[in-house]
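Listed below are the residues making up each chain.
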Amino acid sequence: MATNPVFPETRALLEEHATVDVNPTVEPWTYEEVRRHCRDATALLAFMTDRVDAEFLAACPNLRVIGAALKGFDNIDVQAATNAGVWLTIVPDLLTVPTAELTIGLMLSLGRNIMAGDRNIKQHGFHGWRAELYGAGLAGNTVGIVGFGLVGQAIAERLAGFECRLLAYDQSMSAAMEKFWQPRVTTASFQEVIARSDYIVLALPLTAETRHIISSRTIADMKPGARLVNPARGSLVDEAAVADAIDRGHLSGYAADVFECEDWALQNRPRRIDPRLTNSSAPTVFTPHIGSGVTEIRRQIELSAARSILDALAGQVPFGAVNNPGKQFVHAQSGAR
């Protein structure tokens, strides 16, 4: 079963081996609808809109594998899947490059007021140059990357030509990796990175430890006028605290591709983006979770997840396995998405 529309190639591959039930609309099924459709399913092709927990798995006793067309899997209870004897696979690397590319776009759009300029022309027409919409470029500024897995490193690679100073924090960074990136990237503590950076970019997975790593307390440690960019997971950021900081003028802006309201596994998440951030005059740039939204990449992601499903059903260890139901092994997540 696939909970969202899939490419014809994905469906054809799966239909060579099984009967396939696919959500035909771009409107995601609810948790209850997915559970109902999956009640007799052997495999689930899951997407960002899905939540899988112990209750879900108990209602789907025939399920053997969840192939997630994702890199981050915080909406899926890995231990519950392992306990139920269900494989969970992810697509570990195809999302890296498009996410890094979008991040650069968000940074430039936020700093150079691109969206505000676009709105201005569309609403009022163009009457020639005016002394307004002055912003900030990347050259000469300090960019701090919080999380230096595959996505964080890909962002650093793409920033290399912008003549900015790069700082990075990652608690699991090895000495070999640190040496490899010197002198292009300076490693520092989390506190140093957020205190010294003009742009702060998040490239972390969402865990119990990283939820709200950006809070009113940590924002207070940022330099006045800093800009925050989040292409990773919404709940890394306390959006209300960001709105407060923008209202006070402490932050110059916030750009995001991800939002707290979509982290379905968190019961106490906000149900909408703080309206202060979506106000048309707010210095924000938002995109609707399109980090991997490159057509050919999405096709490859789906096909990779589908092949993992077929491997698991054939009795093989599937590519991208996060767990091993036979050995009660859970793989540690790294990277952003």
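Counting starts from 1 at the beginning of each chain's written sequence and moves along it residue by residue. At least 70 in pLDDT is required for a residue's local features to be given in this predicted model, at least 80 for side-chain atom pairs to be given and counted, and no such filter applies to totals for whole chains, interfaces and linings, which use all residues. Side-chain metrics in this entry use all non-hydrogen atoms of the structure; hydrogen atoms and water are not considered.

What follows is about helix α5 (residues 96–111). Over its 16 residues, α5 runs 23 Å from end to end, which matches the ideal 22 Å to within 8%, given 1.5 Å per residue. Here the term buried applies to any residue with accessible area under 20% of the maximum for its type, exposed to any over 50%, and partly exposed to those in between, with areas from a 1.4 Å probe on protein chains only. Each helix is a run of H or I in the DSSP string that is no shorter than four residues. Each strand is a run of E no shorter than two, and both are numbered from the N terminus. Extensive coverage of α5 is indicated by the burial of twelve of its 16 residues. Burial in α5 covers these residues: Thr 96, Pro 98, Thr 99, Ala 100, Leu 102, Thr 103, Ile 104, Leu 106, Met 107, Ser 109, Leu 110 and Gly 111. Following α5 by one or two positions, Asn 113 adopts a phi angle in the positive range, close to 55°. Here the expected length of a helix is defined as 1.5 Å per residue gap, with one fewer gap than residues.

Any two strands are treated as partners once DSSP identifies two or more bridges connecting them. On the basis of which strands lie adjacent, the open sheet formed by seven strands has the order β6-β5-β4-β7-β8-β9-β10 and parallel pairing. Every other strand in the sheet has two partners, leaving β6 (185–187) and β10 (284–286) as the edge strands with one partner each. Each strand axis lies, on average, 20° off the axis of its neighbour in the sheet, ignoring direction. Its contacts with the sheet place helix α7 (residues 150–159) against β4 (142–146), β5 (165–169), β6 and β7 (199–202), and it is angled at close to 165° to β4. Residues are treated as being in contact if the distance between any of their heavy atoms lies within 4.5 Å. Axis definition: a line fitted to C-alpha atoms, limited for helices to the stretch in contact. Angles are taken between N-to-C directions and run from 0 to 180 degrees. The strands that helix α11 (residues 239–248) touches are β8 (226–230), β9 (251–256) and β10; relative to β9, the one it contacts most, it runs at about 145°.

Before going further, it helps to spend a moment on the packing of aromatic side chains. Side-chain rings of Phe, Tyr and Trp (the six-membered ring for Trp) are treated as a pair once their centres are within 6.5 Å; stacked means planes under 30 degrees apart, edge-to-face means over 60, and tilted covers the remaining angles. The tally for this structure, following the rule as stated, stands at six aromatic pairs. In this structure an aromatic cluster arises from ring pairing among Phe 148, Phe 180 and Trp 181. By definition here, charges over rings are those cases where NZ of Lys or CZ of Arg is within 6 Å of the ring centre and within 35 degrees of the ring normal. Across from the ring centre of Phe 180, 5.2 Å away, lies the NZ or CZ of Arg 184, which sits over that ring.

Relative to each other, helix α1 (residues 8–15) and helix α13 (residues 295–313) sit at 10°, their axes nearing to 9 Å. One way to sum up the angle between α1 and α13 is to call them roughly parallel. Contacts between α1 and α13 involve Glu 9, Thr 10, Leu 13 and Leu 14 from the first element and Arg 299, Glu 302, Leu 303, Ala 306, Arg 307 and Leu 310 from the second. Any residue that is not Ala, Val, Leu, Ile, Met, Phe, Trp, Tyr, Cys, Pro, Asp, Glu, Lys or Arg is counted as polar, Gly included; the first ten are nonpolar and the last four charged. In terms of residue class, the contact of α1 with α13 is built from five nonpolar, one polar and four charged. Working definition: roughly parallel below 35 degrees, roughly antiparallel above 145 degrees, roughly perpendicular at 65 to 115 degrees, and oblique for all remaining angles.

With that settled, the discussion passes to the pairing of β8. Of all five residues in β8, five are buried, a share of seventy percent or more. The two faces of β8 match: Ala 226, Leu 228 and Asn 230 on one face and Arg 227 and Val 229 on the other face are all buried. Two elements, β7 and β8, share three bridges in a ladder whose sense is parallel. The partner of Tyr 199 across the bridge, within β8, is Arg 227. Summarising the sheet, β8 and β9 pair through five bridges and their orientation is parallel. In the strand pairing of β9, Ala 226 is matched with Leu 251.

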